[in-house]
Amino acid sequence: MPSIIEISGLSKTYEGGFAALKSIDLQIEKGEIFALLGPNGAGKTTLISIICGLVNPTAGTVTAGGHDVIRDYRAARSIIGLVPQELTTDSFETVWATVSYSRGLFGKPKDPAHIEKVLRALSLYDKRDSKLLTLSGGMKRRVLIAKALSHEPDILFLDEPTAGVDVELRRDMWNVVRDLADQGVTIILTTHYIEEAEEMADRVGIINKGELVLVERKAELMRKLGRKELRLSLTEPLTALPDGLTNEGLALSEDGLELIYTYDTQAERTGITRLLSQLSDNGVRFRDLATSQSSLEDIFVNLVRNQQ
Ligand SMILES: Nc1ncnc2c1ncn2[C@@H]1O[C@H](COP(=O)(O)OP(=O)(O)OP(=O)(O)O)[C@@H](O)[C@H]1O
Ligand SMILES: [Mg+2]
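In this text the structure is predicted, and so the values were computed from the model without any measurement. (Residues numbered from 1 in each chain as written. Chains lettered and ligands numbered in written order. Predicted model: local features only at pLDDT ≥ 70, side-chain atom pairs only at ≥ 80, totals over all residues. Heavy atoms only, no water.)

1. Concerning the side chain of Ser-233
Put simply, the test is: Strands here mean DSSP runs of E at least two residues long; helices mean DSSP runs of H or I at least four residues long; both are numbered from the N terminus. We call two residues in contact whenever any of their non-hydrogen atoms come within 4.5 Å of each other.
Assignment of secondary structure puts Ser-233 in strand β11 (residues 227-234). In contact with Ser-233, not counting residues within four places along its chain, are Leu-257, Glu-258, Phe-286, Arg-287 and Asp-288.

This is the structure in structure tokens:
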């Protein structure tokens with residue numbers, strides 16, 4: 001897949017000296033759904049704002065659709081739709097007017113049929129004549145999405161699109177986003193909901209303290225999720241693994257008191273039966289055992305904690 005966004009050596013130090021992004025390299029593929037995960041203050045909004053040309057980088061380059069986001073600002077911006085994190089939709093304007101106006105801002109000719117399609121897809125058509133300030137928080141967020149889609153962008157940024165949106169509506173929004181991706185729109189979303197990343201993303205990037213610490217296909221992450229750990233507490237500590245214990249995935253804890261066996265839950269054979277018989281053949285006795293499964297959340301928390 002060719003990339004539609006190319007980010008290289010991107011850094012941002014805000015006035016006052018705070019380094020919000022540290023040399024980010026990232027390519028976004030055309031048509032993919034990319035989820036950016038990270039704790040509060042990690043730099044997600046800063047990264048998106050730079051790509052959208054709203055914040056100037058301190059170093060590095062970004063192109064969108066081949067256009068440099070600074071030198072070719074207008075061309076880059078014309079193919080990008082942005083749903084910002086902050087709600088700024090408290091006005092007397094109607095839903096219809098504000099969404100149509102957004103399209104005009106990008107110099108596109110009026111297209112009521114397109115606006116209607118967008119509003120219907122987001123279940124906002126019934127509210128088209130309502131003033132924004134009379135809408136609920138979840139509706140306002142959908143209006144922001146409608147505005148971002150008004151000019152038919154190739155790339156859509158969604159900064160925390162479903163924060164404060166109820167579970168049912170969140171699923172509706174996921175469907176809208178998926179349909180867009182099926183039509184070839186490239187989607188980059190940030191989220192605090194791990195479930196959202198699991199559900200939606202083709203690839204996941206984890207950002208922490210301004211550094212991109214992991215970028216991986218979701219399928220690969222799910223494979224990792226499918227891994228389980230079996231921990232055996234030994235009655236006597238071992239100094240090394242006995243020669244007869246040849247199972248791949250077997251390790252001895254540092255204090256020698258635990259055997260840790262990692263296995264793939266999706267595999268046909270887990271190897272546990274063989275391990276247990278080898279233990280007894282080698283006279284290794286244990287007094288307790290426990291299994292645990294890693295989740296995307298574990299991977300996320302570990303990565304973020306290790307970086308503290
Ligand atoms: N205009 C600014 N001036 C100075 N510092 C800023 C500015 N904007 C953001 N920052 C700082 O940069 C860091 C990254 O902020 P950013 O908004 O990118 O984080 P985020 O990952 O989007 O967080 P959240 O999940 O809370 O939305 C934070 O420490 C923030 O305080
Ligand atoms: Mg943010």
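2. A closer look at the site of ligand 1
Here is the rule: Any residue with at least one heavy atom within 4 Å of a molecule or strand is counted as near it. Here a polar contact is taken to be a pair of N or O atoms separated by no more than 3.5 Å, where protein atoms must pair a possible hydrogen donor with a possible acceptor and residues adjacent in sequence count only if both atoms sit in side chains. Here the open area of atoms and residues is found with the Shrake-Rupley method and a 1.4 Å probe, where only the protein chains shown may cover a residue. Lys, Arg, Asp and Glu make up the charged group, whereas Ala, Val, Leu, Ile, Met, Phe, Trp, Tyr, Cys and Pro make up the nonpolar group; the residues left over, Gly among them, are polar.
With respect to spatial proximity, 13 residues lie near ligand 1, and among them Asn-40, Gly-41, Lys-44, Thr-45 and Thr-46 are the closest. Contacts to ligand 1 include Gly-43, whose backbone N or O atom sits 2.9 Å from an oxygen atom. One nitrogen or oxygen atom from the side chain of Lys-44 is found 2.7 Å from an oxygen atom belonging to ligand 1. Taking 630 Å² as the accessible area of ligand 1 by itself, protein coverage stands at 63%. Sorting elements by how many residues they give to the shell around ligand 1 places helix α1 (residues 44-51) first, with 3 residues. Its residues placed into classes, the shell around ligand 1 shows 5 nonpolar, 7 polar and 1 charged.

3. A short note on the nonpolar core
Which entries qualify depends on this criterion: For our purposes a nonpolar core is just a set of buried Ala, Val, Leu, Ile, Met, Phe, Trp, Tyr and Cys residues, chained together by side-chain atoms within 4.5 Å. The classification of residues rests on relative accessible area computed with a 1.4 Å probe and restricted to protein chains. Under 20% of the type maximum is buried, over 50% is exposed, and intermediate values are partly exposed.
Ranked by size, the top nonpolar core spans 44 residues in total, and within it Leu-119, Leu-156, Leu-158 and Ile-187 carry the most contacts. If near-sequence neighbours (up to four positions away) are discounted, Leu-158 is found in contact with Val-83, Ile-145, Val-177, Ile-187, Ile-188, Leu-189 and Thr-190. Core analysis: the next-biggest nonpolar cluster, separate from the first, contains 28 residues, Leu-21, Ile-51, Val-69 and Ile-79 among them.

4. Regarding the pattern of salt bridges
The line we're drawing: A pairing counts as a salt bridge when a side-chain nitrogen of Lys or Arg comes within 4 Å of a carboxyl oxygen of Asp or Glu.
Enumeration over the complete set of coordinates arrives at 9 salt bridges. Across the pair Glu-152 and Arg-103 runs a salt bridge whose closest N-O atoms are separated by 2.7 Å. Of this pair, Glu-152 sits in the loop between α5 (137-149) and β7 (155-159) while Arg-103 sits in helix α3 (residues 95-105), placing them 49 residues apart in sequence. Classification of Glu-152 by relative accessible area gives partly exposed; the value is 38%. Notably, a salt bridge pairs Glu-199 with Arg-178, separated by 3.1 Å at the nearest N-O pair. Of the two residues, Glu-199 sits in helix α7 (residues 194-200) while Arg-178 sits in helix α6 (residues 167-182), which places them 21 residues apart along the sequence. On the basis of relative accessibility, which here comes to 32%, the residue Glu-199 falls in the partly exposed class. Among the charged side chains, a network of salt bridges with common partners joins Arg-171, Arg-178 and Glu-199.

5. A few points about the coordination of the magnesium ion (ligand 2)
Stated precisely, the cut-off is as follows: Only N, O and S atoms count as donors, using a 2.8 Å limit from the metal and a wider 3.2 Å limit for Na, K and Ca, and since water is excluded some coordination spheres may look unfilled.
Here the magnesium ion (ligand 2) is held by the protein donor atoms Thr-45 (OG1) and Gln-85 (OE1), which lie 1.9 to 2.2 Å from it. In this pair, Thr-45 is assigned in helix α1 and Gln-85 in the loop between β6 (80-83) and α3, connecting sequence segments 40 residues apart.

6. Let's talk about the packing of aromatic side chains
Between two aromatic rings, the relevant description is the distance of the centres plus the angle of the planes. Defined as follows: Two aromatic rings from Phe, Tyr or Trp, using only the six-membered ring of Trp, form a pair when their centres are within 6.5 Å; if the ring planes differ by under 30 degrees the pair is stacked, by over 60 it is edge-to-face, and anything between is tilted. We count a charge as sitting over a ring when the NZ of a lysine or the CZ of an arginine lies within 6 Å of the ring centre and within 35 degrees of the ring normal.
Considering all chains together, one arrives at 1 aromatic pair under this definition. Where Tyr-261 meets Tyr-263, the ring centres are 5.7 Å apart and the plane angle is 20 degrees; that geometry is what we call stacked. Tyr-263 shares its class with Tyr-261; the two are buried. The ring of Tyr-125 is capped by Arg-120, whose NZ or CZ atom sits 3.9 Å from the centre of that ring.

7. Notes on α6
We count it as follows: An expected span of 1.5 Å times one less than the residue number is assigned to each helix.
Relative to the 22 Å expected for 16 residues at 1.5 Å per residue, α6 spans 23 Å between its end C-alpha atoms, a close match to the ideal helical length. Buried residues in α6 make contact with β3 (33-37), α4 (112-121), α5, β7, β8 (186-191) and α7. One or two positions beyond α6, positive phi appears at Gly-184, with a value near 100 degrees.

8. Notes on the domain arrangement of the protein
Stated formally: Segmentation of the chain into domains, including their bounds, is taken from an automatic or database domain assignment.
When its domains are assigned, the protein resolves into domain 1 (3-222) and domain 2 (226-306). Relative to domain 2, the C-alpha centre of domain 1 lies at a distance of 42 Å.

9. Here's the deal with the pairing of strand β4 (residues 59-64)
Note the cut-off: The criterion for strand pairing is that DSSP finds at least two bridges linking the strands in question.
As paired strands, strand β1 (residues 3-13) and β4 are joined by 5 bridges and run antiparallel to one another. Directly across from Ile-7, in β4, lies its bridge partner Val-62. As paired elements, β4 and strand β5 (residues 67-68) share 2 bridges and run antiparallel to each other. Directly across from Ala-64, in β5, lies its bridge partner His-67. Connecting β4 to the antiparallel partner β5 that follows it, the hairpin turn spans 2 residues, and Gly-65 within it adopts a positive phi of roughly 60 degrees.

10. Here we look at a nonpolar patch on the surface
Threshold: Residues enter a patch when their relative accessible area is above 30% and they make no salt bridge; the linking distance is 9 Å between like charges and 5 Å between nonpolar side chains (Val, Leu, Ile, Met, Phe, Trp, Tyr).
Residues Leu-276, Phe-286 and Leu-289 make up a contiguous nonpolar surface patch of about 230 Å² in total accessible area. The residue Leu-276 is located in helix α9 (residues 272-281) in this model. Residue classification places Leu-276 among the partly exposed residues on the basis of a relative accessible area of 32%.

11. A short note on α3
The criterion, for reference: This arc corresponds to the set of directions leading from the helix axis out to the C-beta atoms.
Residues of α3 that are buried: Val-95, Thr-98, Val-99, Ser-102 and Arg-103. The arc that holds the buried residues of α3, viewed along the axis, is 140 degrees, so those residues lie on one side. Lining the buried residues of α3 we find α4 and α5. Once α3 finishes, Gly-107 follows within two positions and takes phi at roughly 75 degrees, a positive value.

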